[in-house]
Amino acid sequence: MFKPKFRLILAGLLSLSLFALAGCGSSSTPAPSQTPSTTPAPTEKVLKVGSDITYAPFEFMDEKQQPTGFDMELIQALGKDMGYKVNVETASFDGLITALQAGKYDAVISAMTITDDRAKSVTFSDKYFKAVQYIAMKKGSNFKTLEDLKGKKVGVQLNTTGQFDVEAKGITPKKYDTTPDAINDLLNGGLDAVVADGPVVIWFQTQNANAQIDAVQANVDPEFYGIAMKLGNKELADKMDASLKKLMDDGTYNAIYKKWFKQDAPKF
């Protein structure tokens, strides 16, 4: 008679223990996570570009202090085609190549003429613009060639083709940080002439219709602009050239050119 009773008590105790363990297990087991797994957003590729944004119509600040101009629209179109977000920073023209070499920029677009000397320091893209030098003067000055400027006070922008062409004729020019600075000094009587890229001189005349300025094409060969990249950066240069060719072939380049220069782009 004792054993059956003991078994009943033991069975009851075991049942209570199992119930307690089950209850303990359900309260301590963490709930499964409800947070869905997420994939990190792809990192945006940025193209850091340097430019001297004082050289209308190629690069200048609009009324909202945003970079605009032919070069600015072109580099944005090139960056988009290559899959980059383009960030442009302004700096003096004279320091752009040094900053590029130091890694501050990935590329420089600033109406920069492709020259043998510069090509020793940077890798240039294919040419993207054909330009000629102009002589700006006060009305009635009647200069026709660079030789006519010998013995005269001539202004140029520092480290530009205008400076190099004038110096090649044996003339020592007065150097300015920007071409508009030089032209303003011409208007104020500090200079007899300014030698600079034709589109910049013509733009200044257009924007200052009352300024008493004449301009003629200088007797030097045409030149071509290129986008500068760090010396040896063949990967970026190849991408840049491929996108430039694409924009020229599909009409995008011509549309940008026509917007700023009111005519179709020349073939070169």
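All residue numbers here refer to positions counted from 1 along the written sequence of the relevant chain. Whole-chain, interface and lining totals are the exception, using all residues; otherwise, since this is a predicted model, local features are given only for residues with pLDDT of at least 70 and side-chain atom pairs are given and counted only at 80 or more. As a convention, hydrogens and water are excluded, and side-chain values are obtained from all of the structure's heavy atoms.

A.B. asks: Describe in detail the layout of surface pockets, supporting the description with residues and values.
C.D. replies: The method works on a 1 Å grid over the protein atoms by themselves. A cavity is a set of points holding a 1.4 Å probe that cannot get out, a pocket is an open set with protein on both sides within 12 Å along at least five of seven lines, and residues with an atom within 4 Å of a point line them. Grid points are joined across faces, edges and corners, and a volume is the space filled by probe spheres set on the points. One number sums up the size of the largest pocket: a volume of about 470 Å³. Mapped onto the lining of the largest pocket, the elements with two or more residues apiece are β7 (129-131), α6 (198-207) and α8 (252-261). By definition, any uninterrupted DSSP run of H or I lasting at least four residues is a helix, any uninterrupted run of E lasting at least two residues is a strand, and each is numbered from the N terminus. Here the element with the most residues in the lining of the largest pocket is α6; it accounts for 6 residues. Broken down by class, the residue content of the lining of the largest pocket amounts to 13 nonpolar, 4 polar and 4 charged. Residue polarity is assigned by list, with Asp, Glu, Lys and Arg as charged and Ala, Val, Leu, Ile, Met, Phe, Trp, Tyr, Cys and Pro as nonpolar; anything else, Gly included, falls into the polar class.

A.B. asks: Before we move on, can you summarise the nonpolar core with the specific residues and values?
C.D. replies: Working definition of a nonpolar core: buried Ala, Val, Leu, Ile, Met, Phe, Trp, Tyr and Cys residues. They are joined through side-chain atoms within 4.5 Å. Note on exposure labels: buried denotes an accessible area under 20% of the residue type's maximum, exposed denotes more than 50%, and partly exposed covers the range between, all computed with a 1.4 Å probe on protein chains only. In this structure, Leu47, Phe58, Phe70, Ile75, Tyr128, Phe129 and Met240 are the most contacted members of the largest nonpolar core, which totals 36 residues. For this core, the secondary structure elements donating two or more residues are β1 (46-51), α2 (70-82), β7, α7 (234-249) and α8. Take this core: its biggest share by element is 7 residues, from α2. Setting aside residues up to four positions removed in sequence, Met240 forms contacts with Leu47, Ile75, Leu78, Met82, Ala107, Ser125, Ile227 and Met229. The next biggest cluster of nonpolar side chains, apart from the first, holds 14 residues, and it includes Val132, Ala136, Ile183 and Val201. Here, residues are in contact when the closest pair of their heavy atoms is within 4.5 Å.

A.B. asks: I'd love a proper account of the pairing of strand β9 (residues 154-157), names of residues and values included.
C.D. replies: Across the two faces of β9 the burial is the same, with Val154 and Val156 and Gly155 and Gln157 all buried. A pair of strands counts as paired when DSSP detects no fewer than two bridges linking them. Direction of pairing for β9 relative to strand β11 (residues 193-197): parallel, over a ladder of 2 bridges. Its bridge partner being in β11, Val154 is matched across the sheet by Ala193. Taken together, the 3 bridges between β9 and strand β10 (residues 174-176) define a ladder with parallel strand orientation. Opposite Val156, over in β10, you have Lys175 as the bridge partner. Handedness of a crossover: with both strands directed away from the viewer, a clockwise path from the first strand across the helix to the second marks it as right-handed. On the question of chirality, the crossover connecting β9 to the parallel β10 by way of helix α4 (residues 161-168) is right-handed.

A.B. asks: Lay out the packing of α2 against α7 in plain terms, naming residues and giving numbers.
C.D. replies: In helix packing, the relevant descriptors are the interaxial angle and the interaxial distance, both defined with respect to the helix axes. Every angle, taken between N-to-C directions, lies between 0 and 180 degrees, and every axis is a line fitted to C-alpha atoms, over only the stretch in contact when it is a helix. The N-to-C vectors of α2 and α7 enclose an angle of 110 degrees; their axes lie 9 Å apart at closest approach. Here α2 lies roughly perpendicular to α7, going by the angle between them. Every residue of α7 that contacts α2 at Leu74, Ile75, Ala77, Leu78, Asp81 and Met82 is listed here: Lys239, Met240, Ser243, Leu244, Lys246 and Leu247. Residue composition of the contact of α2 with α7, by class: 8 nonpolar, 1 polar and 3 charged. The cut-offs work like this: below 35 degrees is roughly parallel, past 145 is roughly antiparallel, 65 to 115 is roughly perpendicular, and the gaps in between are oblique.

A.B. asks: Talk me through the sheet that holds β10; I want residue IDs and the actual numbers.
C.D. replies: One open sheet accounts for 5 strands, arranged β10-β9-β11-β8-β12; its pairing is mixed. Each of the sheet's edge strands pairs with one partner strand only, and the pair in question is β10 and β12 (213-217). On average, adjacent strands in this sheet sit at an angle of 30 degrees to one another, irrespective of strand direction. One ladder, built from 5 bridges, connects strand β8 (residues 133-138) with β11; its direction is antiparallel.

A.B. asks: Tell me about the packing of aromatic side chains, and please be specific about residues and values.
C.D. replies: Two rings belonging to Phe, Tyr or Trp (six-membered ring only in the last case) form a pair when the distance between their centres is within 6.5 Å. Interplanar angles under 30 degrees mark stacking, angles over 60 mark edge-to-face geometry, and anything in between is tilted. Scanning all chains against the criterion turns up 20 aromatic pairs. Plain terms: the ring middles of Phe70 and Tyr257 are 5.9 Å apart, the flat faces sit at 85 degrees to each other, and that makes the pair edge-to-face. Of the two residues, Phe70 sits in helix α2 while Tyr257 sits in helix α8, which places them 187 residues apart along the sequence. Tyr257 matches Phe70 in its accessibility class, with the two residues each being buried. On the basis of an interplanar angle of 50 degrees and a centroid distance of 6.1 Å, the ring pair of Trp203 and Trp260 is categorised as tilted. Of this pair, Trp203 sits in helix α6 while Trp260 sits in helix α8, and the two are 57 residues apart along the sequence. By relative accessible area, Trp260 is classed as buried at 12%. Following the ring pairs from residue to residue traces out a cluster consisting of Tyr55, Phe58, Phe70, Tyr128, Phe129, Tyr225, Tyr253, Tyr257 and Phe261. Remark: a charge is flagged as sitting over a ring if the NZ atom of Lys or the CZ atom of Arg is within 6 Å of the ring centre and within 35 degrees of the ring normal. Directly above the aromatic system of Tyr84 lies the positively charged group of Lys45, at a separation of 4.7 Å from the ring centroid. Cation over ring: Lys127 sits above Phe224, and NZ or CZ is 4.3 Å from the ring centre.

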